[in-house]
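# Fold and contact review
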Amino acid sequence: MPKFRRSSRAARVLVPGAVAVVLLAGCAQGSGGTAAATGATPPAATSPTAGPPTPGSPVTVTPDPKGTVAPGTLLVTDFGSDTVTFVDPTRGATGSVKVGTAPYGLVVDADGRAWVATAEGVAVVDTASRERLALIPYRTDTGPVTTGEYRGGGMGIALAPDGQRVYVGVNVPGGNGTLEVVDTAALRVTDVVPVGRRPFDVDVSRDGAEVYVTNHDSFDVTAVAAGTLEPRRIEVAPYGTEGGLGSWLKPHYTAVRPSDGKLLLPFEGERLAVVDPGRGRTTIERMTANTHQHGTTVTADGTLLTVGTGPIDPDVDEGPSLTVRTPGGAERVYPLEGPHENVAVSGDGRTAYVTGGFTRDGYWDGLSVVDLATGDTHRLAAGSRPLGIAVL
């Protein structure tokens, strides 16, 4: 059984009597610092009726011609400016489109349409003409449209393999969220499924048969059968659920492993929860970055990339980083400057793009560009508080 670093749950639970809004916090506030040194460690197993779309108008500020999208262009959601921004990976931002309040996750379909989860609804953006085509309202009542870390509305979002449906996790402040199903041809919500609290991430199995909603504040993943829309809860809590809403040790983002469809959920740069969604069972493998972790993605060959936001406890935790983990479990940890939120990989697999937006304070307006062969890293201007990212 692997020996993990000291992890006092008492030190990772906010004290009773704190202000109510602080008690809702589930993620560490990141800070700068040097991440854990590069290492290689093998895994060790041990052992949760919408109305018609609202027309939109383009808001374009770009020297690039409309109707063309260069391969490898990045698209990021600007949580701080209600836009998505197009980013040339060599020269930075080239233009933005207004999409809706506080956009979070996004996904791009085969036709070049971006589907963006905002506080108001799902925005549909034509990435070639750079205009918003529609804003599809949610069926779920999320209260007044607001901004900030705990705002209601869409968070995680994913596309069915056949492109006919988009799935979006909708946060309901103070209660359980929902998974809303969007018909991509009709541009409307067709179904609503109950899930857990604060659905940070949504993923789909490779065959499209199941949808996985990662619920931050309820320590679980909701697995939803795409055919029947029947949900079932899988608890994912490798540190336990002590502390409830005040705990830092919750799931954030999930990746679906291509080789076997298992769910990969990194925790704290210490533990990788590997969930068999069919059996509802979790095994734990060791990780090495020793930092609070958020965004994650997996490449076609099974390489896992995970963003470290920075320390919860600076006395024992390391700074922000990007972990790259091979299918065999060997890890390389790239130090980053300042907190980050999510990650995408270039088409050739050589470069990682890490958004600097971060869901909590301490964010910055750009991307870290990491050469995965050399470890060289530089910053690139990219929108306002960028959270979600996709490679076009």
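These lines cover the structure that appears in this document, whether it is placed above or below. (Residues numbered from 1 in each chain as written. Predicted model: local features only at pLDDT ≥ 70, side-chain atom pairs only at ≥ 80, totals over all residues. Heavy atoms only, no water.)

## Details of the pattern of salt bridges
Applicable threshold: Within this document, salt bridges are pairs made up of a side-chain nitrogen of Lys or Arg and a carboxyl oxygen of Asp or Glu, the two lying within 4 Å of each other. The cut-offs for exposure are 20% and 50% of the maximum accessible area for each residue type, with area from a 1.4 Å probe on protein chains only; residues under the lower value are buried, those over the upper are exposed, and the others partly exposed.
Enumeration over the complete set of coordinates arrives at 12 salt bridges. We note a salt bridge from Asp 260 to Arg 257, for which the minimum N-O separation is 2.8 Å. In this structure Arg 257 comes out as buried when scored by relative accessible area, which is 19%. With a shortest N-O distance of 2.6 Å, Glu 331 and Arg 325 are connected by a salt bridge. Each member of the pair, Glu 331 as well as Arg 325, is classed as buried. Via salt bridges that share partners, Glu 149, Arg 198 and Arg 360 belong to a single interconnected network.

## Considering the side chain of Ser 218
Note the threshold: Put simply, DSSP marks the helices as runs of H or I at least four residues long and the strands as runs of E at least two long, and each gets a number from the N terminus on. Within 3.5 Å is the distance limit for a polar contact, defined as a pair of N or O atoms, with the added protein rule that one can donate a hydrogen and the other accept it, and that residues adjacent in sequence qualify only through two side-chain atoms.
Tracing the sequence through the fold places Ser 218 in the loop between β13 (210-215) and β14 (220-225). In this structure Ser 218 comes out as buried when scored by relative accessible area, which is 16%. A polar side-chain atom of Ser 218 sits 3.1 Å from the main-chain amide nitrogen of Arg 197.

## Digging into the sheet that holds strand β25 (residues 351-355)
Note the cut-off: At least two DSSP bridges between two strands are required for those strands to pair. The axes used here are C-alpha line fits, helices contributing only the stretch in contact, and every angle between their N-to-C directions lies in the interval 0 to 180 degrees.
The strand order across the open sheet formed by 4 strands is β24-β25-β26-β27, and the pairing between neighbours is antiparallel. Edge positions in the open sheet fall to β24 (343-345) and β27 (377-381), since each of these has one partner strand only. Neighbour-to-neighbour, the strand axes of the sheet open up by a mean angle of 25 degrees, direction not taken into account.

## Description of the environment of Val 172
This is how it is decided: Contact criterion: two residues are considered in contact whenever any of their non-hydrogen atoms come within 4.5 Å of each other.
As for its placement among the helices and strands, Val 172 is situated in the loop between β9 (165-171) and β10 (178-183). Between the C-alpha atom of Val 172 and that of Gly 196, which follows or precedes it by 24 residues, the distance is 9.8 Å. Those residues in contact with Val 172 that lie beyond four places of it in its chain are Thr 140, Asp 141, Thr 142 and Gly 177.

## Quick look at the environment of Gly 349
Relative to the elements of secondary structure, Gly 349 occurs in the loop between β24 and β25. Separated by 46 residues in the primary sequence, Gly 349 and Thr 303 place their C-alpha atoms 9.8 Å from one another.

## Some points on the packing of aromatic side chains
Just so we agree on the cut-off: What counts as a ring pair is set by centres within 6.5 Å for rings of Phe, Tyr and Trp (its six-membered ring), and what kind of pair is set by the plane angle: stacked under 30 degrees, edge-to-face over 60, tilted for all other angles. Put simply, a charge is over a ring when the Lys NZ or the Arg CZ is close to the ring centre, within 6 Å, and near the line of the ring normal, within 35 degrees.
This structure, assessed with the given rule, holds 4 aromatic pairs. Between Phe 79 and Tyr 104 the ring centres are 6.4 Å apart and the planes differ by 80 degrees, which places this aromatic pair in the edge-to-face class. Here Phe 79 is found in the loop between β1 (74-78) and β2 (83-88), whereas its partner Tyr 104 is found in the loop between β3 (92-98) and β4 (106-108), with 25 residues between them in sequence. In terms of burial, Phe 79 and Tyr 104 fall into one category: buried. Look at Tyr 104 and Phe 200: their rings are 6.2 Å apart centre to centre, the planes differ by 85 degrees, and that puts the pair in the edge-to-face class. Of this pair, Tyr 104 sits in the loop between β3 and β4 while Phe 200 sits in strand β12 (residues 199-204); the two residues are 96 residues apart in sequence, bridging distant segments of the chain. Take Tyr 104: its relative accessible area is 6%, and that puts it in the buried class. Aromatic ring contacts, followed pair by pair, group Phe 79, Tyr 104, Phe 200 and Tyr 253 into a single cluster. Positioned over the ring face of Phe 86 is Arg 130, at 4.0 Å from the centre of the ring. Over the aromatic face of Tyr 239 sits the side chain of Arg 271, whose NZ or CZ is 4.2 Å from the ring centroid.

## Comments concerning the pairing of β25
With 5 of 5 residues buried, β25 lies mostly within the body of the structure. Because side chains alternate across β25, one face comprises the buried residues Thr 351, Tyr 353 and Thr 355, and the other comprises Ala 352 and Val 354, equally buried. Note: β24 against β25, 3 bridges, orientation antiparallel. From the neighbouring strand, Val 345 faces β25, where its bridge partner is Ala 352. Here β24 hands over to β25 after 5 residues, with Gly 349 in that stretch at a positive phi of 75 degrees. Strand direction decides the pairing type here: β25 and strand β26 (residues 366-371), joined by 5 bridges, are antiparallel.

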